[in-house]
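Inside the fold
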Amino acid sequence: MSDIIQLLPDHVANQIAAGEVVQRPASVVKELIENAIDAGATNIKLLLKDAGKTLIQVIDDGKGMSATDARMSFERHATSKIQKAEDLFNLSTKGFRGEALASIAAISHVELKTKPAEDELGTGIKIEGSKVISQDFISTGKGTSFAVKNLFYNIPARRNFLKSDTVETRHIIDEFQRVALAHPDISFLLHHNNNEVYHLKQGNLRQRIVAVFGTKMNEKLVPINEKTDLVSIQGFIAKPEFSKRKRGEQFFFVNNRFIKSSYLNHAVVSAFDGLLESGAHPSYFLYLTVPSSSIDINIHPTKTEIKFDNEKVLYAILRATVKHSLGQYNVAPVLDFNRDAGLDTPYSFQPNSKTTAIPKISVDPDFNPFKEEFQKEINFPFKREKQTQSWESLYTDVDTSDAGQSASLFEHLEEEKTQKTFQIQRKYVMSLIKSGVVLINQSLAHQRILYEQFLESITVKEANSQQLLFPVQISFSSAEIEMIYTIKTELENAGFSFDEFTKDSVTIKGIPVSVTESKISIILEELLNDMNLEVPDASFSHFDVMAKSFSKTLAIKTGTRLSEKEQESLVNDLFSCKEPTISPFGKASFKTLTLQQIDHLFNS
């Protein structure tokens, strides 16, 4: 039998490794910026084109690399971060595996320029698909410039699986924010397609959070500071009234490394118990410092998962710390036990010094406040002249004129009763049809109605807009402003009218007719979240996502009481839709129950 197992070539092995390390352009951004931080940079620039698909360039003023180190950095498992296995449990750097640069070079065109401060000339290297094209001495400044071009050029299947520029840019900004929040002492600059998205100057942690998420964030923050032998916790939590429906602004950092932990998140949420509305999520920026030997980072290629030695103790400390800050800054409601001095008994009071007389109570047994007024004001529709003594009198002592009055009243009610729809538990609307009844889910039906209305207005470009008497200014982060600006045309087609865009706010002067002023902020926040979750590859998909988001936010909710006219309008509008049977999200909007099915319920 011939041998069939063989060693893979280096370029193939690198491409396989790249599948774990480089999932999308955001992965490249994360690895390059972390390398710049490990190099001791104080100023880092990130330049992007086409959401990183065409260009990702990171420029830093770190210590740079020699010619030998520059060439060696692209070899697999080549690193300056660790030297032996024991170093994995005493890490002080971001990277340690030595796989990132080799993986990136295997699937892109790379240009590296680097120079240590003490050298006169630097080194320039060009690599395409793991093959070194050139290496020369060049004139360049101190630090390193790493340019990654044409990502996944030699793996077209991976490139085709990338999502739209809007979605990929959002992922890059997420990674950028995580690194920037972990290092407020470093200056960061982010440019996308020659537009400045972020310019973060060196400062303290509070200044960095406000610079990333906008000036309105400053009033929301409650500081946290706790030191124990096991862990040191610093950072901020947002006040309960500023909680959000989506999990967005939730950040855990352990030893200045961003991590994801549902266990620690549960500790924070439990500390907010009783302070949040149902379905709301708190915002927090928490920085935990623990001994390096008590954690294990080498679990996942993205390094966002960490194992702790004492998770249960850490959970209790974190929960108690958050509760303490909420109470210390009067965020959590407390019982007021302050005494009223006026109610205090004076010390000079002697209980036996005075005799207390028993108060006299006088009662008028003949008093009846309803005696005359009650008889005058209340008129019964049926007269009752005498008290009947037996049940036979109920049938023999009836006044025929009263019976006629009752019959006419009943006939009058029957004539008035022309209602064809009924609301059930403020959730369903029942409508009568010839074959039986139709049960309509009022929320899902309204979603379908609004979805088709918005989709038509956006695509046909005939949306009606109502101008606001006073323009509304809404604060967003720079990343959210960038996303809103990319879909500005579609929003204007839907009926929005914008006055001004700044780095941290949007001024709106017109809104669609079906939107109220109080819901503008909610609609845009929901839309941004939906744009992140969806996969809009074509322009029409942008319209579809927008129409779905608007319909979900503005549709009447379960528990809303509908008048008879509103019920009838809902039924008529639903069956005027092109696809009335399902909601925009694929759920049935109504069910039909025939008379035969109803009969079967009683005969079974």
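Here goes a summary of the coordinates provided. (Residues numbered from 1 in each chain as written. Predicted model: local features only at pLDDT ≥ 70, side-chain atom pairs only at ≥ 80, totals over all residues. Heavy atoms only, no water.)

Examining the environment of His192
Within the element layout of this structure, His192 appears in strand β7 (residues 187-192). By relative accessible area, which is 7% here, His192 ends up buried. With near-sequence residues (within four places) excluded, His192 lies in contact with Leu48, Lys49, Asp50, Ala51, Thr169, Val197 and Glu482. Here the side chain of His192 touches Ala51 through a polar contact of 3.1 Å, landing on its backbone nitrogen. (Helix = DSSP H or I, 4+ residues; strand = E, 2+ residues; numbered from the N terminus. Buried < 20%, exposed > 50% of the residue type's maximum accessible area, 1.4 Å probe, protein only. Contact = heavy atoms within 4.5 Å. Polar contact = N/O pair within 3.5 Å; in protein donor to acceptor, adjacent residues only side chain to side chain.)

Comments concerning the pairing of strand β1 (residues 43-49)
Side chains of β1 alternate between two faces, with Ile44, Leu46 and Leu48 buried and Asn43, Lys45, Leu47 and Lys49 left unburied. Bridge analysis of β1 against β7 gives six bridges, and the strand direction is parallel. Bridging across to β7, Ile44 finds its partner in Phe188. Here β1 runs beside strand β2 (residues 55-60); their pairing, made up of six bridges, is antiparallel. Note that in β2 the partner of Leu46 across the bridge is Val58. In this antiparallel pair of consecutive strands, β1 and β2, the connection spans five residues, and Asp50 shows a positive phi of 55°. (Pairing = 2+ DSSP bridges.)

Remarks on the pairing of strand β13 (residues 284-289)
Most of β13 sits inside the fold, with five of its six residues counted as buried. In this sheet, β13 lies alongside strand β10 (residues 232-238) in antiparallel orientation, the contact comprising six bridges. Bridge pairing in β13 links Ile233 to Leu288. Alignment of strand β11 (residues 250-254) against β13, held across five bridges, turns out to be parallel. Across the sheet, Val254 pairs through a bridge with Leu288, a residue of β13.

Examining the pattern of salt bridges
A full pass over the atoms with the stated rule returns eight salt bridges. As a salt-bridge pair, Lys53 and Asp165 come within 3.1 Å of each other at their nearest N and O atoms. On the criterion of sequence distance, the pair formed by Lys53 in the loop between β1 and β2 and Asp165 in helix α6 (residues 165-182) is long-range, its members being 112 residues apart. Classification of Lys53 by relative accessible area gives buried; the value is 15%. Salt-bridge contacts for Glu175 lead to Arg178; the nearest nitrogen and oxygen are separated by 3.4 Å. With a gap of three residues between them, Glu175 and Arg178 both fall in helix α6, about one helical turn apart. The same class applies to Glu175 and to Arg178, which are both buried. (Salt bridge = Lys/Arg side-chain N within 4 Å of Asp/Glu carboxyl O.)

Some details on the nonpolar core
Counting 57 residues, the largest nonpolar core has Ile33, Leu46 and Phe188 as its most contacted members. Filtering out sequence-adjacent residues up to four positions away, Ile33 remains in contact with Ile44, Leu46, Val58, Phe176, Val179 and Phe188. Phe498, Ile508, Ile520 and Leu527 belong to the second largest nonpolar core, which has 34 residues in total. (Core = buried A, V, L, I, M, F, W, Y, C linked by side-chain atoms within 4.5 Å.)

Description of unusual backbone geometry
Unlike most non-glycine residues, Ser130 shows phi in positive territory, near 75°. Relative to the helices and strands, Ser130 is located in the loop between β4 (122-128) and β5 (131-138). One non-glycine residue, Asn194, adopts positive backbone phi at about 65°. Structurally, Asn194 is set in the loop between β7 and β8 (195-200).

A few points about the sheet that holds strand β17 (residues 428-433)
Spatial ordering of the open sheet is given by β16-β17-β18-β22, a layout of four strands whose pairing is antiparallel. Whereas interior strands pair on both sides, the edge strands pair on one side only; in this sheet they are β16 (421-424) and β22 (590-594). Going from strand to strand, the sheet's axes swing by 25° on average, the running direction of each strand aside. Examined bridge by bridge, β17 and strand β18 (residues 436-441) share six bridges and lie antiparallel to one another. Across the sheet, residue Met430 finds its bridge partner in β18, namely Leu439. Those strands touched by helix α18 (residues 564-574) are β16, β17, β18 and β22, and its axis lies near 100° from that of β16. The strands touched by helix α19 (residues 595-603) are β18 and β22; relative to β22, the strand with the most contacts, the crossing angle is about 70°. (Axes fitted to C-alpha atoms, helices over the stretch in contact; angles between N-to-C directions.)

What to know about the packing of aromatic side chains
Scanning the model with the defined rule gives 18 aromatic pairs in all. Between Phe251 and Phe253, the aromatic rings sit 6.2 Å apart at their centres with planes inclined by 5°, giving stacked as the arrangement. Here Phe251 and Phe253 have matching classes, each one buried. By way of ring pairs, the aromatic residues Phe213, Phe251, Phe253, Phe258, Phe285 and Tyr287 are connected into one cluster. (Phe/Tyr/Trp six-rings, centres within 6.5 Å; stacked < 30°, edge-to-face > 60°.)

Points about the side chain of Arg208
Relative to the helices and strands, Arg208 is located in helix α7 (residues 205-213). At 3.3 Å, the side chain of Arg208 forms a polar contact with the backbone oxygen of Pro184. In this structure Arg208 touches Ala180, Leu181, His183, Pro184, Ile186, Ser187, Phe188, Leu200, Lys201 and Gln202, once residues within four positions along its chain are discounted.

What to know about the sheet that holds strand β12 (residues 257-259)
Strands belonging to one sheet form pairs held by backbone hydrogen bonds; the direction of such a pair is parallel or antiparallel. On the basis of which strands lie adjacent, the open sheet formed by five strands has the order β9-β10-β13-β11-β12 and mixed pairing. Only two strands of the sheet have a single partner each, and these edge strands are β9 (221-227) and β12. With strand direction ignored, the average angle separating the axes of adjacent strands in the sheet is 20°. Two strands pair when backbone bridges link them, and β11 and β12 are joined in this way by three bridges, in the antiparallel orientation. Opposite Phe253, over in β12, you have Phe258 as the bridge partner.

Some remarks on the environment of Thr166
Within the secondary structure, Thr166 sits in helix α6. In this structure the C-alpha to C-alpha distance between Thr166 and Thr486, which are 320 residues apart in sequence, comes to 7.6 Å.

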